4 protein chains.
Amino acid sequence: MEKPIKKSSWKHKLHEIIYEADTQEGKLFDVILLIAIIASIVLVMLESVVSIDIKYHDLLNLGEWIITVLFSIEYILRIISIKKPFKYIFSFFGIIDLLSTIPKYLSFILVGSHSLVALRALRLLRVFRILKLARYIGASNKLMLALKASRAKIAVFLFFVVIVCVILGTVMYMVEGAENGFTNIPKSIYWAIVTLTTVGFGDIAPQTPLGQLIASVIMILGYSIIAIPTGIVSSEMTKRDHEEGTNTQSCPNCLKEKHKDKATFCYNCGSILNP
Amino acid sequence: MEKPIKKSSWKHKLHEIIYEADTQEGKLFDVILLIAIIASIVLVMLESVVSIDIKYHDLLNLGEWIITVLFSIEYILRIISIKKPFKYIFSFFGIIDLLSTIPKYLSFILVGSHSLVALRALRLLRVFRILKLARYIGASNKLMLALKASRAKIAVFLFFVVIVCVILGTVMYMVEGAENGFTNIPKSIYWAIVTLTTVGFGDIAPQTPLGQLIASVIMILGYSIIAIPTGIVSSEMTKRDHEEGTNTQSCPNCLKEKHKDKATFCYNCGSILNP
Amino acid sequence: MEKPIKKSSWKHKLHEIIYEADTQEGKLFDVILLIAIIASIVLVMLESVVSIDIKYHDLLNLGEWIITVLFSIEYILRIISIKKPFKYIFSFFGIIDLLSTIPKYLSFILVGSHSLVALRALRLLRVFRILKLARYIGASNKLMLALKASRAKIAVFLFFVVIVCVILGTVMYMVEGAENGFTNIPKSIYWAIVTLTTVGFGDIAPQTPLGQLIASVIMILGYSIIAIPTGIVSSEMTKRDHEEGTNTQSCPNCLKEKHKDKATFCYNCGSILNP
Amino acid sequence: MEKPIKKSSWKHKLHEIIYEADTQEGKLFDVILLIAIIASIVLVMLESVVSIDIKYHDLLNLGEWIITVLFSIEYILRIISIKKPFKYIFSFFGIIDLLSTIPKYLSFILVGSHSLVALRALRLLRVFRILKLARYIGASNKLMLALKASRAKIAVFLFFVVIVCVILGTVMYMVEGAENGFTNIPKSIYWAIVTLTTVGFGDIAPQTPLGQLIASVIMILGYSIIAIPTGIVSSEMTKRDHEEGTNTQSCPNCLKEKHKDKATFCYNCGSILNP
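## Notes on the domain arrangement of chain A
Okay, so step 1: Along its sequence, chain A is organised into domain 1 (10-132) and domain 2 (149-238).
Okay, so step 2: Summarising the inter-unit geometry, the C-alpha centres of domain 1 of chain A and domain 2 of chain A are found 40 Å apart.

Now the structure itself:
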């Protein structure tokens with residue numbers, strides 16, 4: 001099989017570095033990008049703390065400029081190195097990349113606008129580029145498969161949880177009433193979720209004996225049914241582990257299956273297995 | 001086998017649509033009913049929020065009328081289409097259907113009566129009609145079977161949890177006393193449940209060192225024994241998955257099922273199984 | 001085999017009813033006793049609620065007298081019907097039975113003494129007599145076996161949890177200090193337990209950024225390591241379920257093991273298994 | 001085989017007692033050390049409670065001196081009995097041992113310095129010497145192996161939890177804002193962790209309907225994904241239990257191990273296994 005001749009080698013090279021992660025340089029680029037993204041998120045965080053923002057305003061501003069320039073360069077390189085730039089520009093990550101780069105430029109036009117924080121926070125979504133790195137961790141793949149397989153069961157479970165919370169929240173609204181903090185049904189449902197999931201903020205708490213009795217039932221229910229998603233995922237993973245160690249090959253002599261992956265002879269009749 | 005001749009075809013058709021879900025129209029009816037039920041519940045919720053009720057009172061009132069008319073039509077159709085109307089009228093869902101339809105009509109007689117909310121909230125119970133839809137999701141069936149099988153064990157566990165809460169609640173009442181919020185034994189038991197289930201509202205919290213020590217024990221106990229229902233359901237589900245390891249092939253001689261995938265002879269009569 | 005001649009048949013009969021639960025009367029006695037114990041506990045509970053005690057004081061007093069008389073009769077019958085009365089009197093349950101009977105009599109001597117509540121609360125321990133009934137529920141036996149088998153592992157886990165709480169509690173005391181509610185090390189350890197077990201009362205909460213960072217670590221740790229007791233119990237139960245379906249019998253012909261309990265023929269070679 | 005002649009028998013003996021735990025005396029030394037460490041920790045705890053410190057100051061001071069002298073002797077003996085004293089002195093535990101011994105001596109120079117508490121708290125790290133004892137508990141070994149094997153998967157899970165908390169914390173900061181307690185992004189992330197892990201202190205709680213809706217999603221998410229670490233550990237442990245299903249018999253021909261209990265032929269070389 002013949003390999004096509006590579007033309008415009010620097011563009012191709014750039015594409016390989018930026019969009020792929022197979023080469024040494026590609027991995028390096030991903031790591032640097034990851035650090036830049038995390039740094040940009042830390043900057044947004046620190047700026048939100050009033051006391052730090054007052055003290056180190058200039059430093060944070062400088063850091064923000066460096067990030068903005070780096071992101072701008074990355075954005076331009078991404079457009080240059082790809083064959084169909086518009087496909088990238090209007091892709092999900094293309095829009096995220098643009099929006100998370102421009103806030104600093106926009107701050108010239110819209111002076112001191114607070115709403116730019118929301119725009120900058122979009123950088124968080126760039127973190128999902130890191131998941132490209134996560135792919136290397138084989139473990140996460142297996143995890144995802146187990147979760148995908150139990151998706152339907154978990155959906156049924158969540159559906160049940162939501163219905164229970166709606167019913168019990170409404171009951172609590174009628175039992176406790178607005179004078180005990182259960183001001184309306186949506187808020188009561190919120191409280192039921194807080195209680196059933198065993199979070200228990202305590203900003204709203206039942207005051208009447210009957211309310212406390214119902215609350216006790218909700219709590220014990222929540223404490224017990226957490227066993228359901230746990231059981232689903234556990235059994236799914238156990239199943240996977242179980243199937244994994246053995247293969248589906250059957251012995252050519254006695255037709256036995258479930259041989260160990262390493263086996264070269266049938267554990268039952270001693271015949272040589274197909275390699 | 002002869003099929004009985006269908007008379008009064010429109011009544012029969014109606015019955016099929018309303019009470020069954022096998023035909024295209026039957027499924028459509030179920031989905032529309034589901035939407036109407038959810039809409040009616042959302043209406044009750046929104047009306048309970050004072051600020052929304054003031055602003056959109058007329059709109060909510062209109063919606064309530066539409067729902068009431070729809071439910072009325074459905075109720076009449078259900079009575080017409082069934083052979084034994086009284087069996088439906090006095091069934092659980094028949095009563096629920098009636099009660100969740102009449103509040104708006106009653107509001108003419110009992111002007112502004114708040115207690116009608118309770119009646120309207122009964123619509124929530126109509127949600128369980130949705131479960132008829134849930135039947136289509138195969139996953140929930142398997143889930144229910146696993147839960148049913150572990151019912152006895154979970155009952156023993158809940159019995160144990162309640163006894164522990166009663167004992168520890170009483171102990172805490174004697175240790176902490178009314179001055180620290182443990183005003184009486186039922187309230188202390190309520191607190192013990194809040195703590196053991198790791199909800200922890202914080203509306204009542206132990207103040208004395210001894211009380212905090214006992215609370216620590218309750219918390220660690222609750223944190224550990226959550227493993228029990230989880231273990232029960234996990235093992236039950238793993239078992240079920242495992243049994244799938246046996247195949248559905250039946251012995252050609254004695255018709256026994258649940259042979260191991262690897263089995264070449266029937267475990268019951270010793271005949272050779274089909275490969 | 002000769003049966004010994006029963007003398008003093010009513011004493012023997014009484015013993016059978018009170019101490020055993022094999023006969024119809026024995027079971028009936030246990031159920032009545034159970035109801036009496038629950039009633040006595042409910043009475044203690046209700047009396048602790050000030051508003052109820054004021055309203056229904058006479059009724060509660062009457063109930064208390066009935067319970068006291070019933071318990072007195074039971075206590076006397078227990079002494080009469082047993083061969084070695086002192087063995088019963090000085091046994092654990094003998095002492096509990098006496099102590100939970102006398103408070104009402106003592107109230108003549110020690111007028112209005114509050115401390116008698118503690119004595120009456122001992123009746124709670126009588127609930128454990130109910131466990132004699134629980135024995136009939138086969139499920140609880142299996143549960144107990146699984147828990148017993150994983151006892152050592154759970155002890156190691158609890159030991160680890162306590163050490164972590166002691167260390168992190170001390171760290172939080174030094175980080176947050178008395179001004180943020182972490183008044184002393186035992187209290188800080190109490191807080192660490194509240195946090196690690198995901199109870200989270202909120203009566204004490206970290207205020208400094210560093211404290212909140214450490215708290216975050218504790219919470220995520222607690223959220224993750226709950227997997228350990230759960231995993232222990234789940235695997236133990238799965239193991240038990242797994243071993244259960246099959247027996248340890250080996251085929252007389254091919255020596256295969258793990259035959260189904262119902263199997264009469266070897267699933268591998270078709271030989272007849274030993275019955 | 002010849003044993004080398006032991007010289008300087010008392011030094012050797014001392015080394016055996018202090019550094020090893022195979023002999024009777026070695027175990028005794030470990031137990032005494034364990035008691036001394038626990039006593040020293042309890043002393044630090046009690047001293048931190050102001051009311052106890054005032055009352056029993058002299059007693060606590062005396063106890064502190066006893067511990068200090070004991071630790072000093074132990075430290076000197078450790079240096080004497082080892083061949084390369086500097087290797088011990090500059091080892092992790094060597095430094096911990098020194099630092100946890102000197103605070104009382106330092107208190108002469110730095111009168112009443114509060115910061116010595118931090119130094120004394122280092123004694124907590126000496127507890128890890130106890131783990132040397134834990135080694136005897138076979139159960140913990142198996143536990144550690146299961147956890148080590150699922151390390152990668154749990155890391156992926158924690159990484160996911162942290163990212164979700166960062167994103168949702170930022171969202172909540174923008175939704176709720178500083179006026180509802182979400183003063184800055186790090187604090188909002190802290191709140192998201194408190195909520196996702198189902199701890200729920202309640203020191204910060206969402207006030208706006210939208211905030212409560214997002215909080216509900218976080219809570220249900222946290223309630224569901226706890227199934228993931230649980231599933232990981234459960235399946236890992238079940239797998240380990242299952243592998244015990246293989247026996248330790250090694251093939252007489254090729255010495256391979258981990259044969260199935262049912263195997264009659266080696267899965268590697270096809271030789272007949274011993275029955």
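## Describing the environment of C:Leu14
All names here are of chain C.
Okay, so step 1: Mapping leucine 14 onto the fold places it in helix H1 (residues 9-19).
Okay, so step 2: The buried category is assigned to leucine 14, whose relative accessible area is 17%.
Okay, so step 3: Considered as a pair, leucine 14 and isoleucine 82 are 68 residues apart in the sequence and their alpha carbons are 8.8 Å apart.
Okay, so step 4: Setting aside its immediate chain neighbours within four residues, leucine 14 contacts Leu77 and Ser81.

## Observations regarding unusual backbone geometry
Trans peptide bonds make up the majority, and among non-glycine residues the majority have a negative phi.
Okay, so step 1: Of note in the backbone geometry, A:Thr198 takes a positive phi value of approximately 60 degrees without being a glycine.
Okay, so step 2: Looking at where A:Thr198 falls in the secondary structure, it is placed in the loop between helix H13 (185-196) and helix H14 (209-225).

## Considering a nonpolar patch on the surface
Okay, so step 1: Where nonpolar side chains cluster on the molecular surface, the patch consists of A:Trp10, A:Ile76 and A:Ile80 and spans about 320 Å² of accessible area.
Okay, so step 2: Along the chain, the position of A:Ile80 falls in helix H4 (residues 57-81).

## A closer look at the interface of chain D and chain C
One widely used convention gives an interface's size as the accessible area the parts lose upon coming together.
Okay, so step 1: Residue-level contacts link 49 residues of chain D with 49 residues of chain C.
Okay, so step 2: Carbon and sulfur atoms make up 76% of the surface buried where chain D meets chain C, a total of about 4000 Å² over both sides.
Okay, so step 3: Connecting chain D to chain C are zero salt bridges.
Okay, so step 4: Counting the contacts that link chain D with chain C gives three residue pairs in polar contact (both at pLDDT 80 or more).
Okay, so step 5: Elements supplying a minimum of two residues to the side of chain D that touches chain C: helix H2 (24-48), helix H8 (116-121), helix H11 (138-149), helix H12 (151-176), helix H13 (185-196), helix H14 (209-225) and helix H15 (227-243) of chain D.
Okay, so step 6: Take the side of chain D that touches chain C: its biggest share by element is eight residues, from H15(D).
Okay, so step 7: Counted by class, the side of chain D that touches chain C contains 31 nonpolar, twelve polar and six charged residues.

## Here's the deal with the nonpolar core
Okay, so step 1: Counting residues in hydrophobic clusters, the biggest one holds 224 residues, and the most contacted among them are A:Trp191, B:Trp191, C:Trp191 and D:Trp191.
Okay, so step 2: Not counting chain neighbours up to four residues away, the residues in contact with B:Trp191 comprise B:Met172, B:Phe182, B:Ile204, B:Ala205, B:Pro206, B:Ala215, B:Ile218 and C:Phe201.

## So, the confidence of the model for chain A
Residue and element names in this part refer to chain A.
Okay, so step 1: Chain-level pLDDT for chain A is 80 on average; 77% of the residues reach the 70-or-more range.
Okay, so step 2: Predicted confidence for residues 1-5 stays below pLDDT 50, and this span has zero contacts to residues more than four positions away or in other chains.
Okay, so step 3: As scored by the predictor, the complex reaches a pTM of 0.82 and an ipTM of 0.79.

## Quick word on the packing of aromatic side chains
Okay, so step 1: Going through the model one piece at a time under the given rule, you end up with 28 aromatic pairs over all chains.
Okay, so step 2: Aromatic side chains D:Tyr75 and D:Tyr88 sit 5.9 Å apart centroid to centroid with 50 degrees between the ring planes, which places their arrangement in the tilted category. Of this pair, D:Tyr75 sits in helix H4 (residues 57-81) while D:Tyr88 is found in helix H5 (residues 85-89), placing the two residues 13 residues apart along the sequence. In this structure, D:Tyr75 and D:Tyr88 share a single accessibility class: buried.
Okay, so step 3: Three or more aromatic residues link up through ring pairs in this structure, and these residues are A:Phe182, A:Trp191 and B:Phe201.

## What to know about the environment of D:Leu99
Residues and elements named next belong to chain D.
Okay, so step 1: With respect to the element layout, leucine 99 can be found in helix H6 (residues 92-99).
Okay, so step 2: Each C-alpha atom of the pair leucine 99 and isoleucine 73 lies 14 Å from the other, and the pair is 26 residues apart in sequence.
Okay, so step 3: Residues contacting leucine 99, with those up to four places away along its chain left out, are Leu119 and Leu122.

## Regarding the relation of the copies chain D and chain C
Between the two copies of the chain lies a relationship made up of a rotation around an axis and a movement along it.
Okay, so step 1: Laying chain D over chain C is done by rotating through 90 degrees and shifting 0.0 Å along the axis; what remains is an RMSD of 0.1 Å. The superposition operator between the copies reduces to a four-fold rotation axis.
Okay, so step 2: Interface overlap between copies is the fraction of interface residues in one copy that are interface residues in the other; for chain D against chain C it is only 18%, indicating separate surfaces.

## Describing H12(D)
Okay, so step 1: Under the 1.5 Å per step criterion, the end-to-end length of H12(D) is 36 Å for 26 residues, consistent within 8% with the ideal 38 Å.
Okay, so step 2: Positioned one or two residues after H12(D), D:Gly177 has a phi angle of 80 degrees, which is positive.

## Some remarks on the pattern of salt bridges
Okay, so step 1: Counting across every chain of the model gives twelve salt bridges over all chains.
Okay, so step 2: We note a salt bridge from C:Glu25 to C:Lys13, for which the minimum N-O separation is 3.8 Å. In this pair, C:Glu25 sits in helix H2 (residues 24-48) while C:Lys13 sits in helix H1, placing the two residues twelve residues apart along the sequence.
Okay, so step 3: Owing to a relative accessible area of 37%, C:Glu25 belongs among the partly exposed residues under this scheme.
Okay, so step 4: In this structure, D:Arg78 and D:Glu74 form a salt bridge, with 2.6 Å as the shortest nitrogen-oxygen distance. Linking D:Arg78 with D:Glu74, this pair stays in helix H4, spanning four residues, or about one helical turn.
Okay, so step 5: Of the residues examined, D:Arg78 reaches a relative accessible area of 1% and is grouped as buried.
Okay, so step 6: The class of D:Glu74 is buried, set by a relative accessible area of 6%.
Okay, so step 7: Several salt bridges share partner residues, and in doing so they unite A:Glu74, A:Arg78 and A:Asp97 into one network.

Rules used throughout
Residues numbered from 1 in each chain as written. Chains lettered and ligands numbered in written order. Predicted model: local features only at pLDDT ≥ 70, side-chain atom pairs only at ≥ 80, totals over all residues. Heavy atoms only, no water. Domains from an automatic or database assignment. Helix = DSSP H or I, 4+ residues; strand = E, 2+ residues; numbered from the N terminus. Buried < 20%, exposed > 50% of the residue type's maximum accessible area, 1.4 Å probe, protein only. Contact = heavy atoms within 4.5 Å. Patch = residues over 30% accessible without salt bridge, like charges linked within 9 Å, V, L, I, M, F, W, Y side chains within 5 Å. Areas by Shrake-Rupley, 256 points an atom, 1.4 Å probe, with all protein chains shown as cover. Salt bridge = Lys/Arg side-chain N within 4 Å of Asp/Glu carboxyl O. Buried area = accessible area lost by both parts, 1.4 Å probe. Polar contact = N/O pair within 3.5 Å; in protein donor to acceptor, adjacent residues only side chain to side chain. Nonpolar A, V, L, I, M, F, W, Y, C, P; charged D, E, K, R; others polar. Core = buried A, V, L, I, M, F, W, Y, C linked by side-chain atoms within 4.5 Å. pLDDT = per-residue confidence, 0-100. Phe/Tyr/Trp six-rings, centres within 6.5 Å; stacked < 30°, edge-to-face > 60°. Least-squares fit on C-alpha atoms with pLDDT ≥ 70 in both. Expected span 1.5 Å × (residues − 1).

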